[in-house]
Amino acid sequence: MTAPFHRYTSRRGFQRRTESTIVWFFRFATYVILLCGVFIIGNICLKGLPAVTGAFRSLEQFPYVTNTFIFEAPESLYVFKHEGVKREMGDAEYRAFRETETARATAEGRPVPEFKASSYVYAAGGIWPCIVGTLLLVVGAMTIALLLGVASAIFLSEYARDGAFVRFIRLAILNLAGVPSIVFGLFGFAMFVLYFNWNVSLMAGWFTLAFMVLPVVITASEEALKAVPKGFREGSLALGATKWQTIRKNVLPYALPGILTSSILGIARVAGETAPIMFTAAYVVRDKLPWEVAKFSDFFFQGVMALPYHIYVVSSKIPQNAYTQRVQYGTAFVFLGLVALIAGSSILLRNKLRGRYQW
Amino acid sequence: MENTSPASASSSRPLATPPRVARQDDTAALPTLIDVKGLDFYYGAKQALFDINIAIPDRRVTAFIGPSGCGKSTLLRCLNRMNDLIDGTAVKRGEIKIRDIDIYGPSVDPIELRKRVGMVFQKSNPFPKSIYENIIYGLRIQGVKSKTKLDEVVEKSLRGAALWDEVKDRLHESGLSLSGGQQQRLCIARTIAVAPEVILMDEPCSALDPIATAKVEELIHELKKQFTIIIVTHSMQQAARCSDRTAFFYMGKLIEFDETHNIFMNPKNPQTEAYVSGRFG
Amino acid sequence: MPPESTTTSVVESSPPSFRIQKERTQLLGLTLDECIQGFFGGNALVAVIILGLITFFLFREGSGFFSQNRDNLSIYRLAGLEYVDLGRQPDKDHAALSRYLSDLRRRTYQYYMEEEGLSAKEAGGRLADFDVYADRFARASAPIRSQLMEWGEIANDIKARHLGNQNLAEKRRQLLAAGKTKEAAAVGILPVNFAVEVSAITATLPAYEEATATLARSLEELILAPPPLPTVELTARMARFQTLTRDFIASFPATLESMKKWDASVPVPLSQSFTAFIFGRQWLTASFWQDWYGATPLIAGSMLVSLIALALAIPLGVGAAIYVNQLASPLEQRLIKPAIEFISAIPSVVLGFFGIAVLGEFLRVASGWSFFAWIPGFPFAERLNALTAGCLLGLIAVPTIFTLAEDAINNVPRAFKEASYALGASRLQTIIRIIVPASLSGIVSAILLGLGRVIGETMVVLLCAGNRIAIPDFTAGLGVVTQPVHTMTGIIAQEMGEVEPGGIHYRALFVVGLLLFFIALLINYFAQKIVRKYKVSIG
């Protein structure tokens, strides 16, 4: 580049060096964050992926192939030496194996073989009950949160007039958003589990999680409602529609996509939190799947296994070694994948909608 | 004024209001439709209108002119109580009577009032629905379900708004696909579909190009045969072109109200004269 | 609503073509629209109600704690446990001195091995005198120790019987409530006369006094003839040991004085139950001697972990916000913002697992690199400690701080920036002198909200902070970050599942929750206050 006026182009070298140093610091900060994220996600994916991909098994009938890690319940892993061969087996397989071997030995008149197995809880089988439990928790909690949150947002955005009452409500919403999740857990335990006597149950978990995510849903819904142009409301009212007709026919339909996409972020939060469900909904282990209940009402009052709680259990209550790595990383991977799917779709949908909804 | 197409003259009042007789005679008498007396209006603590007295004639075009913030739009929005929707607004004194009914009276339902006093906004605001759905929105919410009836109203309203020929083949396309001028005429069609008696227009042409503006002004000429029209405008030429009477507002007060001709050619008040001759505002 | 008659008359007086009055369907004197508005208004109150319920239930469950803790402390005093703990002080101090000696032995041994190159056996031989000395020192406290043991058993017995009586009384109350009078009468309660029983301890004070005198004599004898040590530095340490021991001996009269003045009948005030919680230095539960519910170690742990997290997250988060908003290319902006938002979606339990599985071990190994040798506390042996948890919490706080700070920077009017450029300022000068100051309150509020996020975070600290309930030793300087800690959130998550509802431990956890709740509200309050101010200043 040629500069006709050299006085304008020259700058003191020292200043320029300082500038570029500081710019590099800012750039460094940004990329350190990204690298940390990439490293964590990469590490979990790399070590967790084999747990899922290595667990495909063919079946006799439809659907002919299954993934034992995803679609089976957790089992204890037994590691033992038998006739000089080191074997690893899940609980059920191990019992069967021991029986047949004992029977075989007795039949052949040999002494009954000794089985000295070391066992690792949860390390075999899969995480199907946890996936099911998490999905149930998410669906229930989001239903409650959306019903309450959207109604609340409609009031704030459509009906409320600025005043002490509304400011009070907004303050409450802001503060609710700052309450630590473990406090929600304590509250849910005291109110739903003990006071209402719901015990550790889906219901208790639903309400605790719904209350926790409510501020997110209200804020998201209000923003979506506010994004609907004022002209739609005025036009409708000027045609003699009542307020409710206006909202129902001419505001809500246009706000709904926005409400739903922004609320997906709330879903990611509901799925990802552990502390609120620790004492309200999650069981360490449960043999039955949620729909295997004696009567319908029992469905709501049963505890479930959940992915985040399972990760907590397998990462803190069992040792870290080669045998347990599969379930630890595998669960973390599946869980991360689930949450990433939800969060990613939210971000993508939002960007897409931003382009489409321009009035 | 006589070059009305027969279709629009006879058919743009879709609801079953009794046809008015002796319209020609009204012209001379200029009966008052809207009577505003001693109106004081407040936005919170700020007074926006001071002691407004104005008698607006039936089935004429009345224009409100004045510099920005003079209260002309405020008065317009008082006439169908759209101001109710803004926080802290209040009529502190005075009354507005339409056909001798105080529209701020306790028994008046603003929803019913707005069905009778329609409004067209500065920025055209068709709903993101089809053209057809836009027109019948007002009837839908009144519970009209008959398909034939709705079809009939759509055609009449669109003809009334001089839009039928342009859109008749694409009634089910989005109202947002129309051009700016067409959108504004769609909004007018939507308004006349509920058969109001009065149409309030809040700077309906300020966002339109001159050609679209001319079309809307032409439409106003047509519409005044069936409707009482009040138009707020920034453009003095527009007021001169399409109104019968003009009211000049300044600082929340009604300065002068007279035949449009008089306001522009022979204003009595020096402020009016200054404004219409372009010396301020 | 007006009376019917007015309505009708107005309608009649107007021409039929202009009907603007209408009777709407009413429900309890409200129109349908008003009912709908009421319904939504009620729903809007949900947030208020939930906040109220949380406060109510935390108070309801936690409120009983302070009176229960007073009972707990009262029994501690009445049963003489407090008295015995007073008497234990010299024993504890003596044990600390013994540890000083063994540390000195280790140093000397190290000197012999490393400086003089002796074999293990030779070094041990050289230290034979020292070992005899240390052994005599350690055994000097045997008399008071046996006395204390005896006392401890008596006190524990009194306490156990008293608690047993409480259980029996409860059982009797239940039987009476159930109408079983006869069974209730059969529950025999032998009341504990504290004054008489404790006198069994206090009466033997002369024996204890005698034992301390013996201890003092033998220690004085010992410090006169310390074993010789090879270097000046070690000898100086020995001299320090002698001074400490003399101070220790000099403290006996004060201890005895406080024991003589001790009076079991002085009631424990409720305020002490309160201060014992807030300032108590021990959180000790299910102990065979005495339970303590002191929140200081937890609060200190939470603070330490949060400080580490913020120390990492503030430069990274704010730096990234400035970079992305002001310096980055449009492509970078489009990619980095969602990527950082995505990091915020990583569930904390996954981060905690990562801490256990990878980061803890990595940091431990890294602390051994000579590159980091200058940092106090490095290298460290604990895989899970405040630093591990703090790093991960920092990553949790970064997206919060980044997003909010970026918003604040984005809100600085463009005109400010343009005016600065027009005056000949460089890009960086504009950022540092105009943009950052103008958005400072927004950035501060972002940091506060990040702090709120970090303090309330549970899973990461539960999994990675090491869970040792002790006040971190801040005298270690920067090395304090390598100590394992326990936190307020962690303790609730860890112990809530194991406690009996209604018991003192259960209530103590609720009080910790209440404390956490109010800290969160306080942080939120300040963040909002700052934001409000900032909105005014920008206009």
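Residues numbered from 1 in each chain as written. Chains lettered and ligands numbered in written order. Predicted model: local features only at pLDDT ≥ 70, side-chain atom pairs only at ≥ 80, totals over all residues. Heavy atoms only, no water.

(A) Structural view of the overall build of chain A. The secondary structure content of chain A amounts to 13 helices and five strands. Here the C-alpha atoms of chain A give a radius of gyration of 28 Å, more than 25% beyond the 21 Å that 2.2 N^0.38 yields for 359 residues. When each of the 359 residues of chain A is scored for burial, the buried share is 53%. Look at the contacts in chain A between residues 6 or more apart in sequence, and 71% of them connect residues 24 or more apart. For chain A, the accessible surface area stands at approximately 17,300 Å², while carbon and sulfur atoms represent 63% of it. (Helix = DSSP H or I, 4+ residues; strand = E, 2+ residues; numbered from the N terminus. Rg over C-alpha atoms; globule rule 2.2 N^0.38 Å. Buried < 20%, exposed > 50% of the residue type's maximum accessible area, 1.4 Å probe, protein only. Contact = heavy atoms within 4.5 Å. Areas by Shrake-Rupley, 256 points an atom, 1.4 Å probe, with all protein chains shown as cover.)

(B) Structural detail: the sheet that holds strand 4 (residues 85-90) of chain A. All names here are of chain A. An order of 4-3-5 is seen for the three strands of this open sheet, with the pairing classed as antiparallel. Edge strands, defined here as strands with exactly one partner in the open sheet, are strand 4 and strand 5 (117-125). Mean inter-strand twist for the sheet, computed between neighbouring axes without regard to direction, equals 25°. (Pairing = 2+ DSSP bridges. Axes fitted to C-alpha atoms, helices over the stretch in contact; angles between N-to-C directions.)

(C) Geometry of the domain arrangement of chain A. The domains assigned to chain A are domain 1 (76-120) and domain 2 (128-356). Taking only C-alpha atoms, the centre of domain 1 of chain A and the centre of domain 2 of chain A are 47 Å apart. (Domains from an automatic or database assignment.)

(D) Focus on the packing of helix 2 (residues 13-53) of chain A against helix 20 (residues 427-438) of chain C. At a minimum axis separation of 10 Å, helix 2 of chain A and helix 20 of chain C run at an interaxial angle of 65°. Note that helix 2 of chain A runs across helix 20 of chain C; the crossing there is left-handed. The residues of helix 20 of chain C that touch helix 2 of chain A, namely those facing Gln15, Glu19, Ile22, Val23 and Phe26 of chain A, are Arg427, Leu428, Gln429 and Ile432 of chain C. When grouped by side-chain class, the residues that make up the contact of helix 2 of chain A with helix 20 of chain C number five nonpolar, two polar and two charged. (Left-handed = near helix turned anticlockwise from the far one by under 90°. Nonpolar A, V, L, I, M, F, W, Y, C, P; charged D, E, K, R; others polar.)

(E) Main features of a nonpolar patch on the surface. A cluster of nonpolar residues, Phe56, Phe62, Tyr64 and Val65 of chain A, forms a patch on the protein surface that exposes about 500 Å² of accessible area. Here Val65 of chain A is to be found in strand 2 (residues 65-67). (Patch = residues over 30% accessible without salt bridge, like charges linked within 9 Å, V, L, I, M, F, W, Y side chains within 5 Å. Salt bridge = Lys/Arg side-chain N within 4 Å of Asp/Glu carboxyl O.)

(F) The confidence of the model for chain B, seen in detail. Residue and element names in this part refer to chain B. Summarising the model, chain B shows a mean pLDDT of 84, and 89% of its residues fall at 70 or more. Within the model, pLDDT remains below 50 along residues 1-28, and this stretch shows 40 contacts once partners closer than five positions in the same chain are excluded. Both scores are given for the predicted complex: the pTM is 0.85, the ipTM 0.90. (pLDDT = per-residue confidence, 0-100.)

(G) Expanded view of the pairing of strand 3 (residues 61-65) of chain B. Residue and element names in this part refer to chain B. In terms of residue burial, strand 3 counts as a mostly covered element, since five of its five residues are buried. Of the two faces of strand 3, the one lined by Val61, Ala63 and Ile65 and the one lined by Thr62 and Phe64 are each fully buried. Where strand 3 meets strand 8 (residues 228-232), four bridges bridge the pair, whose relative direction is parallel. Looking at strand 8, one finds that Thr62 is bridged to Ile230. Direction of pairing for strand 3 relative to strand 9 (residues 245-250): parallel, over a ladder of four bridges. Across the sheet, residue Thr62 finds its bridge partner in strand 9, namely Arg245.

(H) Seen up close, the packing of aromatic side chains. Considering all chains together, one arrives at 62 aromatic pairs over all chains under this definition. Considering the side-chain rings of Phe97 of chain A and Phe115 of chain A, the 6.2 Å spacing of their centres and the 80° angle between planes classify their relative orientation as edge-to-face. Of the two residues, Phe97 of chain A sits in helix 4 (residues 91-107) while Phe115 of chain A sits in the loop between helix 4 and strand 5, which places them 18 residues apart along the sequence. Residue Phe115 of chain A is classed as buried on the basis of its relative accessible area of 16%. When the centroid spacing of 5.3 Å and the interplanar angle of 55° are considered together, the rings of Phe196 of chain A and Trp198 of chain A count as tilted. According to the relative accessible area criterion, Trp198 of chain A is buried, its value standing at 16%. Through successive ring pairs, a cluster of aromatic residues spans Phe187, Phe192, Tyr195, Phe196, Trp198, Phe207, Phe211 and Phe301 of chain A together with Phe56 and Phe57 of chain C. A cation over an aromatic ring shows up here: Lys92 of chain B above the ring of Tyr42 of chain B, its NZ or CZ 4.1 Å from the ring centre. (Phe/Tyr/Trp six-rings, centres within 6.5 Å; stacked < 30°, edge-to-face > 60°. Lys NZ or Arg CZ within 6 Å of the ring centre and 35° of its normal.)

(I) The interface of chain A and chain B, seen in detail. Of the residues lining the interface, 20 residues belong to chain A; the matching set on chain B comes to 26 residues. For the chain A and chain B pair, buried surface summed over both sides reaches about 1,900 Å², with 59% attributable to carbon and sulfur atoms. In this assembly, chain A and chain B are joined by one salt bridge. Glu234 of chain A serves as the salt-bridge partner of Arg77 of chain B, at 2.8 Å between the closest nitrogen and oxygen. Joining chain A to chain B, the criterion identifies seven residue pairs in polar contact (both at pLDDT 80 or more). Every element with two or more residues in the side of chain A that touches chain B is listed here: helix 9 (230-238) and helix 10 (243-272) of chain A. At seven residues, helix 9 of chain A tops the list of elements feeding residues into the side of chain A that touches chain B. (Buried area = accessible area lost by both parts, 1.4 Å probe. Polar contact = N/O pair within 3.5 Å; in protein donor to acceptor, adjacent residues only side chain to side chain.)

(J) Fine view of the pattern of salt bridges. In total, this model carries 49 salt bridges over all chains according to the counting rule given. Where Glu222 of chain A meets Arg170 of chain A, a salt bridge forms, and the shortest distance between an N and an O atom there is 3.0 Å. Here Glu222 of chain A is found in helix 8 (residues 202-226), whereas its partner Arg170 of chain A is found in helix 6 (residues 164-178), with 52 residues between them in sequence. According to the relative accessible area criterion, Arg170 of chain A is partly exposed, its value standing at 31%. In this structure, Glu406 of chain C engages Lys337 of chain C in a salt bridge whose closest nitrogen and oxygen atoms are separated by 3.5 Å. Of this pair, Glu406 of chain C sits in helix 18 (residues 386-410) while Lys337 of chain C sits in helix 16 (residues 330-344), and the two are 69 residues apart along the sequence. Among the residues examined, Glu406 of chain C registers a relative accessible area of 5% and is labelled buried. Residue classification places Lys337 of chain C among the partly exposed positions, given a relative accessible area of 31%. Look at the salt bridges and you will find they share partners, linking Asp58, Arg59, Arg99, Arg116 and Glu197 of chain B into a network.

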